[in-house]
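Below are the chains, spelled out letter by letter.
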Amino acid sequence: MTALPHPDLPHADERCPCGRGAPFGSCCGPVLSGEAPARTPEALMRSRYTAYVLHDEGHLLRTWAPERRPHAVTFDPDRRWIGLEIVSASDSGLLASTGSVEFVARSTIGEDDEALHERSRFRRDERRWLYVDGDVLP
Ligand SMILES: [Zn+2]
């Protein structure tokens, strides 16, 4: 069996890869494991960034709006995610059914640094936030 090198799941006490500054076990960890669905679009955005860091395809697919969901997510083993910055996030309270998050996700691939600047759209189905799509910004 050939498997891509898979990043190790951080220990619950380690800083979460999303950069919020909280331990993984009380940040994106429970969202990725399904124990605690994301309560806000920003939390879902953070967990999806962390899923890219950890190559967690299942979480990405589960949290994608079905009409936009790809069949698979491929991870480039040469890409290393180095930081997420939330630029702004909609104030999505308990009654909100849509939300948006603008972010910059930085990565390196070989010698190159890349920054993805995107405004993502989210919507709530029942009680779960889903990623719909996003516009890439300059
Ligand atoms: Zn996190």
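Residues numbered from 1 in each chain as written. Predicted model: local features only at pLDDT ≥ 70, side-chain atom pairs only at ≥ 80, totals over all residues. Heavy atoms only, no water.

Draft legend 1. Spotlight on the coordination of the zinc ion. Distances from the zinc ion to its protein donors, Cys16 (SG), Cys18 (SG), Cys27 (SG) and Cys28 (SG), fall within 2.2 to 2.4 Å. Taken together, the four donor atoms coordinating the zinc ion span angles of 99 to 120 degrees at the metal, a pattern that classifies the geometry as tetrahedral. Donor residues for the zinc ion, ordered by position in the chain, follow C-x1-C-x8-C-C. (Donors = N, O, S within 2.8 Å, 3.2 Å for Na, K, Ca; no water. Tetrahedral: all angles 85-135°; square planar, octahedral: opposite > 155°, others 65-115°.)

Draft legend 2. Summary view of the pattern of salt bridges. Within this structure, the stated rule accounts for nine salt bridges. Residues Glu67 and Arg123 are paired through a salt bridge, measuring 2.7 Å at the closest nitrogen-oxygen approach. Of this pair, Glu67 sits in the loop between helix 3 (57–62) and strand 1 (79–89) while Arg123 sits in strand 3 (residues 112–125), and the two are 56 residues apart along the sequence. Note that Arg106 and Glu85 form a salt bridge whose closest N and O atoms lie 3.6 Å from each other. Remark: Glu85 occurs in strand 1 and Arg106 occurs in strand 2 (residues 98–109); sequence separation between them is 21 residues. Note on Arg106: relative accessible area 37%, which makes it partly exposed. Salt bridges sharing partners connect three or more residues here, namely Arg68, Arg121, Asp133 and Asp135. (Salt bridge = Lys/Arg side-chain N within 4 Å of Asp/Glu carboxyl O. Helix = DSSP H or I, 4+ residues; strand = E, 2+ residues; numbered from the N terminus. Buried < 20%, exposed > 50% of the residue type's maximum accessible area, 1.4 Å probe, protein only.)

Draft legend 3. Quick peek at unusual backbone geometry. Even without glycine at this site, His55 takes up a positive phi of about 55 degrees. By secondary structure assignment, the location of His55 is in the loop between helix 2 (41–54) and helix 3. Phi angles above zero are rare outside glycine, and Glu126 is one such case at about 50 degrees. By relative accessible area, which is 78% here, Glu126 ends up exposed.

Draft legend 4. Focus on helix 2. Look at helix 2: 20 Å from first C-alpha to last across 14 residues, which is about the 20 Å you get at 1.5 Å a residue. Counting buried positions along helix 2 yields ten of 14 residues, so the element is predominantly enclosed. Those residues of helix 2 that are buried lie in contact with helix 1 (29–33), helix 3, strand 1, strand 2, strand 3 and strand 4 (128–136). Positive backbone phi, approximately 55 degrees, marks His55, located one or two places after helix 2. (Expected span 1.5 Å × (residues − 1). Contact = heavy atoms within 4.5 Å.)

Draft legend 5. Quick peek at the packing of aromatic side chains. Counted according to the given criterion, the structure contains five aromatic pairs. Note that Arg48 overlies the ring of Trp64, its terminal NZ or CZ placed 4.5 Å from the centroid. Stacked on the ring of Trp81, the Lys or Arg Arg79 has its end atom at 5.6 Å from the ring centre. (Phe/Tyr/Trp six-rings, centres within 6.5 Å; stacked < 30°, edge-to-face > 60°. Lys NZ or Arg CZ within 6 Å of the ring centre and 35° of its normal.)

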